[in-house]
Amino acid sequence: MDTQFRFSAEGQLPEINVAPIGLLMVSFVGRAMSCFLPPKTLDQCPKPKCSATHDGCCPTWNDEFKVSKMAANTYDRPDLIHTCFKQGTMRKMAGMSLTGVLWYQGESDVPLWPIYECRQRQLFSYLREISSTSDMPIILTLLAPWSEGCETVPYLRQTQLNMGQYQNMSVVTAHDVGLGGSIHPPDKRELGRRYALEMMRLLALDDPQISATMAQNIAATETSTAVMERLKPPEVDRCVVSTNTPATIACYFNEKIIKRATPSCVVTGWKSKLKQIQPRTKWCCEDTPFEVSGVNSTEPAVWLPAQNATVDGNVVKVVIPTAQTVTFVRFQWDDVPQCSLYSVANDVPVLPFLVEVASG
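Residues numbered from 1 in each chain as written. Predicted model: local features only at pLDDT ≥ 70, side-chain atom pairs only at ≥ 80, totals over all residues. Heavy atoms only, no water.

K.L.:
Before we go on, may I ask you to explain the nonpolar core in this structure?
P.N.:
Judged by nonpolar contacts, the single largest core of 38 residues is most densely connected at Trp-61, Met-90, Trp-103, Leu-123, Phe-124 and Leu-127. Elements with a contribution of two residues or more to this core: helix H2 (33–36), helix H3 (57–65), helix H5 (83–87), strand S1 (101–103), helix H6 (113–131), strand S2 (138–142) and helix H7 (153–163). It is H6 that provides the largest number of residues to this core, a total of 7 residues. Among all residues touching Leu-127, those that are not within four sequence positions of it are Met-90, Met-93, Val-101 and Met-136. Cys-239, Val-292, Val-318 and Phe-353 belong to the second largest nonpolar core, which has 20 residues in total. (Core = buried A, V, L, I, M, F, W, Y, C linked by side-chain atoms within 4.5 Å. Buried < 20%, exposed > 50% of the residue type's maximum accessible area, 1.4 Å probe, protein only. Helix = DSSP H or I, 4+ residues; strand = E, 2+ residues; numbered from the N terminus. Contact = heavy atoms within 4.5 Å.)

K.L.:
How do you make sense of the pairing of strand S10 (residues 315–319) when you look at a structure like this?
P.N.:
Among the 5 residues of S10, 4 are classified as buried, and the element is accordingly described as predominantly covered. With 5 bridges joining them, strand S5 (residues 248–253) and S10 adopt antiparallel strand pairing. Note that in S10 the partner of Ile-249 across the bridge is Val-318. Direction of pairing for strand S9 (residues 307–312) relative to S10: antiparallel, over a ladder of 4 bridges. Note that in S10 the partner of Val-311 across the bridge is Val-316. (Pairing = 2+ DSSP bridges.)

K.L.:
Help me out: how do you make sense of unusual backbone geometry in this one?
P.N.:
Residues other than glycine predominantly adopt negative phi, and peptide bonds predominantly adopt the trans conformation. The residue His-82 is not glycine, and still its phi comes out positive at about 70°. Along the chain, the position of His-82 falls in the loop between helix H4 (68–71) and H5. Of the residues examined, His-82 reaches a relative accessible area of 13% and is grouped as buried. Of note, Cys-150 is a non-glycine position whose phi angle comes to about 55°, a positive value. Here Cys-150 lies in the loop between S2 and H7. Take Cys-150: its relative accessible area is 0%, and that puts it in the buried class.

K.L.:
Explain the sheet that holds S9 to me, please; I cannot follow it from the model alone.
P.N.:
Hydrogen bonds between backbone groups are what pair the strands of a sheet, and the pairing can be parallel or antiparallel. With mixed pairing, 5 strands are arranged side by side in an open sheet as S9-S10-S5-S4-S14. The sheet is open, and its two borders are formed by S9 and strand S14 (358–359), each paired with just one other strand. The sheet contact formed by strand S4 (residues 236–241) and S5 spans 5 bridges and is antiparallel. The residue bridging Val-241 from the neighbouring strand is Ile-249, located in S5.

K.L.:
What exactly am I supposed to notice about H6 here?
P.N.:
An α-helical segment advances 3.6 residues per turn. Residues three or four places apart therefore align on the same side. Given a rise of 1.5 Å per residue, 19 residues ought to cover 27 Å, and the 27 Å separating the end C-alpha atoms of H6 matches this to within 8%. Most of H6 is tucked away: 14 of the 19 residues are buried. Directly beyond the C-terminal end of H6, a positive phi value near 60° is found at Ser-132. (Expected span 1.5 Å × (residues − 1).)

K.L.:
Where do I start with the packing of aromatic side chains in this structure?
P.N.:
A full pass over the atoms with the stated rule returns 9 aromatic pairs. When the centroid spacing of 5.6 Å and the interplanar angle of 80° are considered together, the rings of Tyr-155 and Trp-333 count as edge-to-face. Placement of the pair is Tyr-155 in helix H7 and Trp-333 in the loop between strand S11 (328–331) and strand S12 (339–343), with a sequence separation of 178 residues. Residue Tyr-155 is classed as buried on the basis of its relative accessible area of 9%. Members of the aromatic cluster, joined through ring pairs, are Phe-253, Phe-290, Phe-331 and Phe-353. Over the face of the ring belonging to Tyr-252 we find Arg-238, whose NZ or CZ atom lies 4.1 Å from the ring centre. (Phe/Tyr/Trp six-rings, centres within 6.5 Å; stacked < 30°, edge-to-face > 60°. Lys NZ or Arg CZ within 6 Å of the ring centre and 35° of its normal.)

What follows is the structure, given as structure tokens:
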């Protein structure tokens, strides 16, 4: 119970005197999105098929998820489809007064990442329909570190980030708070803090009175707009490649940032059935969180780690490892991130990104 309370972020909202928070738990252990979807919604998305960055991943996942004989490699176990919906709280929510959704799920959908965004849309459309609120706020959680992800977890995280582009949907990240590749991060209090920041931002966007209260209680010298902006994660404005020797890439952010190791960096190794596919020789911030490539591809071999990441205010510079032409840079493209960038103002991490670089 203590963990659930801390995870709820209720204890992280002392500054705002609004209605009490009530949570309806719909959690099931290790279930894919197909378990939570109501009947008939699965037909609205493409049929599931395993997709991974390495040939050896799908057979290993088959064994791990014990689905090879039951579902013919679809990863939608027939005995689990819709069961979380039918047996849990979600089916009983129709007619309730829902004011928001906090969604934290996804590791069982990593093999199905190409259709995960479609399935998210189906679920959240249903929840908004039964709540009779077409713009009900929905906060998604970016998947935590997972050592069994076979270098495919970043692609599922991108589908989660894409959902943040829809009306009144936003993303809070757990990608940097895990420990040793476990999908369940132990630092629930930090996640609660991040949920609280995002809740405050969404409340302020929706209610001018709450926005004014926030501006008074959190930072009396700032406007409510400034407060809302300060609650958001840092964003990359642009990345520019230079022709110096050695060639570098400079990424400019909208606020000052710092670089530091994630909790996972303290682990010198972890047990993984996919260990032979994802070797690691560098740890913590020795392993730069930036990679570069001449093409935008899901093939890991075309991406090379950048070198010597340095931070100066709101600018990060990395050295291009070879003389190859670089047109794309990506950040935090790792199942278990070792090093990250954080806001100086609120300690919220930069979210993973992939951008095309400009010429300097």
